[in-house]
Amino acid sequence: MKIDRALFHPDYKAEPFWWEAARPGTEYSSDLPDKTEVFIVGSGYSGLSAALELARGGRSVTVVDALAFGEGASTRSGGGVSAGVNIGKGIAGGPGQAKHSGAHKQLIERLMNESLAAYEFVHTLVEREGIECHLEKRGRFIGANTSAHYLGFQKKVDDLNRVLQIGARLLAKDEQRSEIGSDYYHGGIVIEHASKLHPSLFHKGLLDACHRAGVTLCAHTKVEKIDGALGNFTLKTANGDCQAEQVIVATNGYTGELSPNLRKRIVPISSQIITTEELPEDLALELIPNGRTISESARITNYYRLLPGDRRVMFGGRARFESVPADLSAAILHGKMIERWPQLKGVRITHSWSGLVAMTTDSIPHMGQEDGLHFCTGCNGSGVAMMTYLGNQVAQRILQDGHSDSAYVGVEFPKVPVPFYSGNPWFLPIIGNYYRHLDRKERRRMG
Ligand SMILES: Cc1cc2nc3c(=O)[nH]c(=O)nc-3n(C[C@H](O)[C@H](O)[C@H](O)COP(=O)(O)OP(=O)(O)OC[C@H]3O[C@@H](n4cnc5c(N)ncnc54)[C@H](O)[C@@H]3O)c2cc1C
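The structure contained in this document is the topic of the report that follows. (Residues numbered from 1 in each chain as written. Predicted model: local features only at pLDDT ≥ 70, side-chain atom pairs only at ≥ 80, totals over all residues. Heavy atoms only, no water.)

Attention shifts here to a positive patch on the surface. The grouping of Arg440, Lys441, Arg444 and Arg445 at the surface amounts to a positive patch. Within the secondary structure, Lys441 sits in helix α9 (residues 428-446). A residue is classified by how much of its surface remains accessible, and Lys441, at 40% relative accessible area, is partly exposed. (Patch = residues over 30% accessible without salt bridge, like charges linked within 9 Å, V, L, I, M, F, W, Y side chains within 5 Å. Areas by Shrake-Rupley, 256 points an atom, 1.4 Å probe, with all protein chains shown as cover. Salt bridge = Lys/Arg side-chain N within 4 Å of Asp/Glu carboxyl O. Lys, Arg positive; Asp, Glu negative; His and termini not counted. Charge placed at Lys NZ, Arg CZ, Asp CG, Glu CD. Helix = DSSP H or I, 4+ residues; strand = E, 2+ residues; numbered from the N terminus. Buried < 20%, exposed > 50% of the residue type's maximum accessible area, 1.4 Å probe, protein only.)

This is the structure:
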């Protein structure tokens, strides 16, 4: 694809816009200790959230990251904070939880309730720790990509309000300009109970809180091997060895060869984002009058919002499922943005970046313990609230000697159903093309 250079602002950068305010770094980084009670692999939201809870619970905790602190997905996201994981595509279910059984329905409702708890947990954490991260409760609009999707939305609204009471309502196509300056969608859902934040300022606030709580933090310390068993692990890292009683693997989309059992269960997918230059105030206001975060009903969904200050657009999506150069994803995403907002033709891109999210076969995140190692993973692209919450839940489980009230414990974690799959998603370009084809066909056929 030939890339039109006129799309790019002269100050264009191929890195996250968020890093202008808080760049992942090594502040607070110290030498790896010989010993710690709890060792956490990964310094994103889940690792830091777990560390904070454990340190406040009186444990000695060490968090390490192969990169700078937060350089994985946590400082790259869109910052949408939502209550509601993608439940409904089927949960693997253990014994007695056959699909459509009462137990299965109950499990789904418990998981949904915990997604609301996750949403609320982020707000509590931000307030408790005094984190300045532009957290704004401005709600969400989900656009219907086809008229059939819009018809299906009624059940979704009913389910959301019945189980979670999160103020969801349908918005017909002829009313949709009250929420988005576009005629692209066939109506949508408005959800009042949704927020947005500045991802890397939120991460910095968590890092500061961990430092205050006495967590040992080690950047650029890749864990290469974990030996031993519960109560007596040895972590072999690029910077020496460390003994630990408990280990939490909090590596999500960046899970590598260290955890072969987790890798077989998740598919790392690239998600990409661009931001625009500043827009005239009235144009920005017309785009998203109430400052909602926007998402869609298609298989390959885009997500977008205004940046703090309400004058610039952030537009994200899966330009490609696999990692591609930032300039290419920028040009593709710009095209998608113009499809939705033709009035932004000629508006230039200032930043373009990507990061990895972890998809699971059943579309829900998982936490648990395997071979003595605790884990939480599988954000499925929505982890600002959920991974922060699950990190906290894993920590509580350790503090409560293995006991947990979370419905996520014990949900079977299915393997990716691709023969010999061990973590290298060679099939992504094929699936990406197929989904794009289905989305286009459905939109043409149904309008
Ligand atoms: C472009 C993009 C947009 C997104 N938008 C949204 C959104 O709008 N809303 C939302 O809710 N979610 C969104 N997400 C998802 C969200 O960002 C993630 O779910 C969340 O940040 C995951 O946090 P985490 O701590 O589990 O993992 P991460 O933040 O990815 O951290 C994992 C860390 O583990 C480290 N690591 C891996 N292996 C090792 C090893 N062997 N040794 C040491 N360290 C290791 C990595 O270096 C990495 O820093 C988005 C993600 C991306 C990429």
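Right, picking up where we left off after that structure.
Residue placement: Asn232 occurs in strand β11 (residues 232-237). The residues contacting Asn232, other than those within four sequence positions of it, are Asp227, Gln243, Ala244 and Glu245. (Contact = heavy atoms within 4.5 Å.)

Note that strand β10 (residues 223-229) and β11 share six bridges and pair antiparallel. Its bridge partner lying in β11, Val223 is registered against Thr237. With antiparallel pairing between neighbouring strands as the criterion, β10 and β11 make up a hairpin whose turn holds two residues, including Gly231 at a positive phi of roughly 95°. Where β11 lies against strand β12 (residues 240-249), five bridges are found, and the strand directions are antiparallel. Across the sheet, residue Leu235 finds its bridge partner in β12, namely Cys242. (Pairing = 2+ DSSP bridges.)

Quick look at the site of the ligand now. Taken together, 36 residues lie around the ligand, and Ser46, Asp65, Ser74, Gly78 and Gly80 are the ones closest in. Here Tyr45 contributes a backbone N or O atom positioned 3.0 Å from an oxygen atom of the ligand. If the ligand stood free it would expose 1000 Å²; the protein chains cover 96% of that surface. No other element matches the three residues that strand β17 (residues 349-360) contributes to the shell around the ligand. Looking at the shell around the ligand residue by residue, the classes come out as 16 nonpolar, 17 polar and three charged. (Near = heavy atom within 4 Å. Polar contact = N/O pair within 3.5 Å; in protein donor to acceptor, adjacent residues only side chain to side chain. Nonpolar A, V, L, I, M, F, W, Y, C, P; charged D, E, K, R; others polar.)

The next subject is the pairing of β12. Relative to β12, strand β2 (residues 35-41) is paired through six bridges, and the arrangement is parallel. From the neighbouring strand, Lys35 faces β12, where its bridge partner is Gln243. Two strands pair when backbone bridges link them, and β12 and strand β19 (residues 373-377) are joined in this way by two bridges, in the parallel orientation. Residue pairing for β19: Val249 is matched across the bridge by Phe375.

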